[in-house]
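Close look at the chain arrangement
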Amino acid sequence: MTAPAPMKSGRNRVLAFAVAVATVGAATLACGPSMFEIPIETPIKAKLDVSSFQRVLIAGFVAGGSDDIDTNQETVRLLRSQLRSKSSLRVIDADAMALQDVAQEQNRTANGASATNEVTPDPTAPAAAQALPLPLRIREEKDLEPYERLFANTSYWRRIGEEYQNPLIVTGTVLFAPNTRSGYVSRDVERYDGFGRRQVIPERSFQERKGFVLRPKFVFIDGRTGATIYSESYREEVLYTAQQNTPALSSYFELMDRLVPNFLSALSSQKVKGTRSLLN
């Protein structure tokens, strides 16, 4: 005689659940559509096909600008560290090459060969053939331009490739230099009115800010042939107010942190994380 009781109890639970769902639905409609964000990942295909290489050599860079840091050494260390964790290529451990000295030596050799040549050099010949002087101190971007011919020296890079078992060679130029800029800067100022209410008002003021500019050019060379297969240039800058005293090394890493994903995307596929907003 007590068997029907559980069935009644089950019907009550179903009825209670239906009422709860209807209540939530009514509340949602009353409040209007809601918005929520979901994480997404966008794959980016590598710019280079490096499947034919097993090893990568971050050779070194012609560097200049600030005397506060060794930009060549720091760039080599940073890129090697990133590639060890985010690339399938084996990173070769070797001393960073002093490419500025290499270029100067090649220039002296070329000038010596021209001096012993009985034929008068053609004044209309390309700069690389005439071995024009190279700046000893690199302070700005134009000082790096004469060094570009170093990366076109296929015989030199082929010898480097043979020494390290024909890897993909990464080299280039890096300028990390002090930068100053003056202009109007906007900032939010917090104020309170006569009733004690807080207000945030944008305010513009003329300021002189100092910081650094980073201009790297990454050159990718096939160690088997010595030929350049890809190159890409970047520019980033950071500016600080007069009250800030940021060390040069900290600014360098801050700027490189922005550029490293672009560098890595040349060698391997990457995933860019973001969010997408959806209406419910």
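Shown above is the structure to which this text applies.
Our subject in this report is the structure included herewith. Everything numeric in this text was worked out from a predicted model, so none of it was measured. (Residues numbered from 1 in each chain as written. Predicted model: local features only at pLDDT ≥ 70, side-chain atom pairs only at ≥ 80, totals over all residues. Heavy atoms only, no water.)

Comments concerning the overall build of the protein chain
- Helices and strands together make up the secondary structure of the protein chain, namely 7 helices and 9 strands.
- Here the protein chain holds 280 residues, and the buried ones make up 35% of them.
- Of the contacts made within the protein chain by residues no fewer than 6 positions apart, 72% connect residues no fewer than 24 positions apart. (Helix = DSSP H or I, 4+ residues; strand = E, 2+ residues; numbered from the N terminus. Buried < 20%, exposed > 50% of the residue type's maximum accessible area, 1.4 Å probe, protein only. Contact = heavy atoms within 4.5 Å.)

Considering the nonpolar core
- One finds Ile-58, Phe-220 and Phe-263 to be the most contacted residues of the largest nonpolar core, which totals 35 residues.
- When contributions to this core are tallied by element, the ones reaching two or more residues are β2 (55–58), α2 (71–86), β5 (168–192), β6 (198–222), β8 (236–240) and α7 (248–265).
- Broken down by element, the residue count for this core peaks at 8 residues, all from α7.
- Not counting chain neighbours up to four residues away, the residues in contact with Phe-220 comprise Leu-48, Leu-168, Ile-169, Val-170, Ala-227, Thr-228, Ile-229, Tyr-230, Phe-263, Ala-266 and Leu-267.
- One finds Leu-57, Tyr-156, Ile-160 and Val-213 within the second-largest nonpolar core, a separate group that totals 23 residues. (Core = buried A, V, L, I, M, F, W, Y, C linked by side-chain atoms within 4.5 Å.)

Some thoughts on the packing of α2 against α7
- Relative to each other, α2 and α7 sit at 45°, their axes nearing to 11 Å. Of the possible angle classes, the one that applies to α2 and α7 is oblique. Handedness of the α2/α7 crossing: right-handed. Residues Thr-71, Glu-74, Thr-75, Leu-78, Leu-79, Gln-82, Leu-83 and Lys-86 of α2 pack against Leu-249, Tyr-252, Phe-253, Met-256, Val-260, Phe-263 and Leu-264 of α7.
- Taken together, the residues of the contact of α2 with α7 sort by class into 10 nonpolar, 3 polar and 2 charged. (Axes fitted to C-alpha atoms, helices over the stretch in contact; angles between N-to-C directions. Parallel < 35°, antiparallel > 145°, perpendicular 65-115°, else oblique. Left-handed = near helix turned anticlockwise from the far one by under 90°. Nonpolar A, V, L, I, M, F, W, Y, C, P; charged D, E, K, R; others polar.)

With respect to the side chain of Arg-55
- Looking at the secondary structure, you find Arg-55 in strand β2.
- At 9.5 Å, Asp-93 is the nearest oppositely charged side chain to Arg-55, a buried residue that forms no salt bridge.
- A polar contact of 3.5 Å, which involves the side chain of Arg-55, links it to the backbone oxygen of Tyr-164.
- With residues up to four places along the chain from it excluded, the contact list for Arg-55 reads Leu-89, Arg-90, Ile-92, Tyr-164, Gln-165, Pro-167 and Leu-168. (Lys, Arg positive; Asp, Glu negative; His and termini not counted. Salt bridge = Lys/Arg side-chain N within 4 Å of Asp/Glu carboxyl O. Polar contact = N/O pair within 3.5 Å; in protein donor to acceptor, adjacent residues only side chain to side chain.)

Side note on unusual backbone geometry
- Of note, the phi angle at Gln-165 is positive, near 65°, even though the residue is not glycine.
- As for its position among the elements, Gln-165 is in the loop between α6 (154–163) and β5.
- Of note in the backbone geometry, Asn-166 takes a positive phi value of approximately 55° without being a glycine.

Things to note about the pattern of salt bridges
- This structure, assessed with the given rule, holds 14 salt bridges.
- Two residues, Lys-217 and Glu-148, come together in a salt bridge whose shortest N-O distance is 3.0 Å. With Lys-217 in strand β6 and Glu-148 in the loop between α5 (141–144) and α6, this residue pair connects regions lying 69 residues apart in the sequence.
- On the accessibility criterion, Glu-148 (28% relative accessible area) is partly exposed.
- Between Arg-235 and Glu-237 there is a salt bridge, with the nearest N and O atoms lying 3.9 Å from each other.
- A single salt-bridge network, built from bridges that share partners, covers Asp-67, Arg-137 and Arg-139.

Looking at the side chain of Asp-143
- Tracing the sequence through the fold places Asp-143 in helix α5.
- In this structure Asp-143 is buried but unpaired, with Lys-142 as the nearest side chain of opposite charge at 5.7 Å.
- Sequence-distant contacts of Asp-143, that is, excluding residues within four places in its chain, are made with Pro-135, Arg-137 and Ile-138.

Overview of the packing of aromatic side chains
- Enumeration over the complete set of coordinates arrives at 9 aromatic pairs.
- Ring centres 5.0 Å apart and planes at 75° place the aromatic pair Tyr-156 and Trp-157 in the edge-to-face group. Each member of the pair, Tyr-156 together with Trp-157, is buried.
- Between the aromatic rings of Phe-176 and Phe-212, the centroid separation amounts to 4.8 Å while the plane-to-plane angle is 10°, which identifies the pairing as stacked. Here Phe-176 is found in strand β5, whereas its partner Phe-212 is found in strand β6, with 36 residues between them in sequence.
- Phe-212 sits in the buried class, given a relative accessible area of 10%.
- Ring pairing ties together the aromatic residues Phe-61, Phe-218, Phe-220, Tyr-230, Tyr-234 and Phe-263, which thus form one cluster. (Phe/Tyr/Trp six-rings, centres within 6.5 Å; stacked < 30°, edge-to-face > 60°.)

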